[in-house]
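Single-letter residue listing:
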Amino acid sequence: MRATLRPVSLISWKWSSSTLAQWRWQHIVVALLVVLNLTTAFALVYTKDMHRRLFIQYQGLQMTHLLQSNQWSKLLLEQSTWSSQSRVQQLATTRLGMVSPNPHKIVMVSEAK
Amino acid sequence: MKRPFAWRVIALYIFLGLCVLSVIYRLFDLGVIDRHFLLQQSKARILRTVSIPAYRGMITDRHGQPLAISTSVKSIWVNPQLFAPTAKQLHQLSQLLQLPQSFIKRRGKKRGDIEFSYLKRRIAPALADQIKALKIPGVFLEKEYKRFYPAGEVSSHVVGFTNIDDQGQEGLELAYNKWLSGKAGLKKVLKDRLGHVVANVSLLKKPVQGRNLVLSIDQRIQFLAYLALKNTVNKYHAKAGSIVVMNPKTGEILAMVNQPSFNPNQRPSDTHGRYRNRAVTDIFEPGSTMKPFTVSLALQSGEYTQDTMIDTNPGWMQVGGYTIRDDGLNYGKINLQTLLKKSSNIGAAKVMLSLKPHNYYILLHRLGFGERTRSGFPGEATGTLADRTIWRPSVVASMAYGYGVAVTALQLAHAYCVLANDGIKVPVTLLKVDGPVQGQQVISKSIADTVIHMLESVLQRGGTGTRARVPGYRVAGKTGTAYVAGPNGYYKNRYVSSFVGVAPVTDPRLVVAVVVYEPKGQHFGAYVAAPAFAKVMGGALRLLNIAPDGLESVKVR
């Protein structure tokens, strides 16, 4: 048991023999690097997550756009069918009893001078 | 103290060291030496190539009224590997799709590796929802686009139609197919395990969206012309007919209708020549509607003026081996205006025989006869106009009153546009034009104006075109009644009746050409074509809010 631990104790023993000043400076640098590492790691995770979310939102909006432009073309078609010349003519003559006036029935009115 | 040699520990450490080294090596191997393998595995799982669809553009008239729209419809397809309906479901499916059960079973039968088989393409969305509600395993819905034509048979010849793969087959759908259809694009995306797109990787091919096409056609005038033509053709049991309405200043075609027509939404399988846009593809010998050009040539040559008299006594004349008649009437000594007013064949023949026929050929050629009109419509006919080395007098005489040349209705309308537009020829177009158009002076302004004024007399009392009058407007025009040629000469009872007119005379804004093929009963252009002209011209002038310039002829309060 002690045999396995011996290499480990050798290493830590070497480490603890450095001077106090050196130890503090190195400690700060290492700590800074660790903090930097963690920050960049979290930043990466954050941006990737944001990217995914925004992308999903973008896809959703694109889908909405597609559905709505589909709807628009359907409505346009419906409108043009309801308002087609032949239908309006037919309704005007049958249901409303309208007629195109005879040229003799048209009276021209000139502007008052 | 000497410890016993700890060879087991050392061995263990060496073994662990080797493991670590091998892992590091493998890492190095996969990460640097053989990157390809891992990349390939990752790509196989998440990288997909997806097409970006391009939708076919809309065709609209000049006011934005849709003439051809694509909307999404559903197509039903089965995966034969998964298709497993119950008997009841199969029955329901067959009922809804109006297809026999045997057909559905055949399509759904497992054969080889086939995973896709259409059941019915392009069905109504409501029906598709009903089929979806059945929840039959192996039956799926696919979104496809179908072309609809709200104008129906009124604009069917001009707009044309597409086939089942959304490619234009006829008309402007064919001519502008590239412009309308656009091109589908390709992009690489990353997909997660659920199939949702997670990220765009790269755009492989940029899509070109289908663009809209705005025509010069005014749907209101189109409908008006269609109705007038349909009534005329039915009334006289004619074989066919065409009407073309043009704006002489811009060369825009405001209406182009033909009979017989078809419904592009439900195309009948029998053709009977109904799919041809006759105004552009059918040629005919125009007859008397060519006389204004004979008169133009006469004035242009300098040998004739407005007062020059031509002797048409005794009402018939012999040219070559043929006799030319003025319908059994003797008009006596007439001037050019009376020649047009009464439509004298002898007068026209005498004029032409005194001039150089080659110059007439050049004039007609400059007016656009004998060549393709280049309006953008596919399959235009050129017509027949031949310059001969030896001009026989009978040929020369017959050309004077419209035989020996073959024209289309569009060419006729275009030539009258030149007369109406102060002698300037503007190119014909089926697309909406913004702004002024550059033209080419083909006839001098004074001659064009003189001829138009002469043509006004055709509609006045004593002229052949009195039925073409539009109350309140000054109208100029010419009637035409031509025999139809056959293999053994001209048929005695088959005619082409026509009328081409221009209004208002003070500032011509519209040219209308009416052609009726083989009417029965009445055959004179004055009876058959002129009333249709009056309806179309009157309606079009009113629709375009063109101020009346002939108010002396109507009661004014």
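Okay, so let's go over this structure.

Scoring rules and cut-offs
- Residues numbered from 1 in each chain as written.
- Chains lettered and ligands numbered in written order.
- Predicted model: local features only at pLDDT ≥ 70, side-chain atom pairs only at ≥ 80, totals over all residues.
- Heavy atoms only, no water.
- Helix = DSSP H or I, 4+ residues; strand = E, 2+ residues; numbered from the N terminus.
- Contact = heavy atoms within 4.5 Å.
- Buried < 20%, exposed > 50% of the residue type's maximum accessible area, 1.4 Å probe, protein only.
- Polar contact = N/O pair within 3.5 Å; in protein donor to acceptor, adjacent residues only side chain to side chain.
- Pairing = 2+ DSSP bridges.
- Axes fitted to C-alpha atoms, helices over the stretch in contact; angles between N-to-C directions.
- Buried area = accessible area lost by both parts, 1.4 Å probe.
- Salt bridge = Lys/Arg side-chain N within 4 Å of Asp/Glu carboxyl O.

**Quick word on the environment of Gly368(B)**
Residue and element names in this part refer to chain B. Its place among the elements puts Gly368 in the loop between helix H14 (357-366) and helix H15 (393-400). Spatially, the C-alpha atom of Gly368 lies 32 Å from that of Pro471, the residues being 103 residues apart in sequence. Sequence-distant contacts of Gly368, defined by excluding residues within four places in its chain, comprise Gln411 and Lys425.

**A look at helix H13 (residues 345-353) of chain B**
Residues and elements named next belong to chain B. Most of H13 sits inside the fold, with seven of its nine residues counted as buried. By the burial criterion, the buried members of H13 are Asn345, Ile346, Gly347, Ala348, Ala349, Val351 and Met352. Its side-chain oxygen 2.9 Å from the backbone nitrogen of Gly347, Ser344 forms the N-cap of H13.

**With respect to the sheet that holds strand S20 (residues 489-503) of chain B**
Residues and elements named next belong to chain B. With respect to topology, five strands assemble into an open sheet ordered S12-S11-S21-S20-S19, the strand pairing being antiparallel. Because the sheet does not close on itself, it has two edges, and the strands there are strand S12 (252-259) and strand S19 (476-486). Mean inter-strand twist for the sheet, computed between neighbouring axes without regard to direction, equals 15°. As defined by bridge partners, S20 adjoins strand S21 (residues 510-517) across eight bridges and the pair is classed as antiparallel. Note that in S21 the partner of Val502 across the bridge is Val511. With respect to the sheet, helix H9 (residues 219-235) is in contact with strand S11 (240-247), S12 and S21, its orientation differing from that of S12 by roughly 30°. Docked against the sheet, helix H18 (residues 525-543) engages S11, S19, S20 and S21, running at close to 25° with respect to S20.

**Considerations on the interface of chain B and chain A**
Facing the 30 residues of chain B at the interface are 24 residues of chain A. Here chain B meets chain A over a buried area of about 2500 Å², counting both sides, of which 64% is carbon and sulfur. Where chain B meets chain A, there are zero salt bridges. Where chain B meets chain A, there are two residue pairs in polar contact (both at pLDDT 80 or more). Those elements giving two or more residues to the side of chain B that touches chain A turn out to be strand S3 (66-78), strand S5 (139-148), strand S9 (197-205) and H9 of chain B. Among the elements that make up the side of chain B that touches chain A, the one with the highest residue count is S3(B) (five residues).

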